[in-house]
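Remarks on the overall topology
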Amino acid sequence: MGNMKWSIPIFVAISTSGIVNANTFKGSRTLFAASREGYFPKYLSMIYVQKKTLVPAIITMGMVACVIMLGMEMISLLKVYSFLNALYCFTAIVGIFKLRRTHNPKDALRLPIVIPIAYTFLSLFMTVAAVVYNPGVVVASVLCITVGIVLKLLSLVGQAKDSVFLRIYIKVHRPIVKFCHAVLLSEFTQD
């Protein structure tokens, strides 16, 4: 590299910040859409009135990321993230195969079947490689998935009238909405 070897860390930092930015937007949009469908608490499907952004989802995602980073070393966290991301991609592509059979809209983008099959095998390979080379990643990943499932089950139980979880949710929901100056998308009207 000669005289330009000092530039490599700078370009790596720029690339990393771009990936973090893209993941922040992708993750907050995912939280927003899942909350709109009823999978997460309603406050995650709210938007900031003045800027029309997903402030509650972004703040929640940032807080969860900080909590997770406190509990693990960065290298272990990256390994778990890589494994879960490969597993997520594999699951999403397999789901697309099912949707391709059950839902067949006329205006859908059609790719040759070779592309999703190759991507499925690549995702499966990445998942299996992570398990083979670092089995400890699976334990941490299963723990993360289990926590998510338990929280989802608690939220389902919490939807019953007079439940403790519903009362806690109501007490937490109002301050978050006031802090973020957010409303549900259906309540938002442009003047």
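Look up a bit, the structure's there.
The text that follows walks through the structure, step by step, so that each part is easy to find. (Residues numbered from 1 in each chain as written. Predicted model: local features only at pLDDT ≥ 70, side-chain atom pairs only at ≥ 80, totals over all residues. Heavy atoms only, no water.)

Once that is clear, we can look at a nonpolar patch on the surface. Taken together, Ile113, Val114, Ile117, Phe121, Leu124, Val128, Val132 and Tyr133 make up a surface patch of nonpolar side chains, about 810 Å² in accessible area. Considering the arrangement of structural elements, one finds Tyr133 in helix 4 (residues 114-133). The exposure class assigned to Tyr133 is exposed, which follows from its relative accessible area of 72%. (Patch = residues over 30% accessible without salt bridge, like charges linked within 9 Å, V, L, I, M, F, W, Y side chains within 5 Å. Areas by Shrake-Rupley, 256 points an atom, 1.4 Å probe, with all protein chains shown as cover. Salt bridge = Lys/Arg side-chain N within 4 Å of Asp/Glu carboxyl O. Helix = DSSP H or I, 4+ residues; strand = E, 2+ residues; numbered from the N terminus. Buried < 20%, exposed > 50% of the residue type's maximum accessible area, 1.4 Å probe, protein only.)

Once that is clear, we can look at the environment of Phe90. Looking at the secondary structure, you find Phe90 in helix 3 (residues 74-102). Owing to a relative accessible area of 23%, Phe90 belongs among the partly exposed residues under this scheme. Between the alpha carbons of Phe90 and Met126 there is a distance of 9.3 Å; along the sequence they are 36 residues apart. Ignoring sequence-local partners within four residues, the contact set of Phe90 consists of Thr120, Ser123 and Leu124. (Contact = heavy atoms within 4.5 Å.)

With 17 residues, helix 2 (residues 55-71) ought to run about 24 Å at 1.5 Å a step, and its terminal C-alpha atoms sit 25 Å apart, in line with that. Buried within helix 2 we find Pro56, Ala57 and Thr60. With its buried residues spanning 95 degrees around the axis, helix 2 presents them on a single face. (Expected span 1.5 Å × (residues − 1). Arc of directions from axis to C-beta.)

All we've got here are geometric facts, nothing functional implied.
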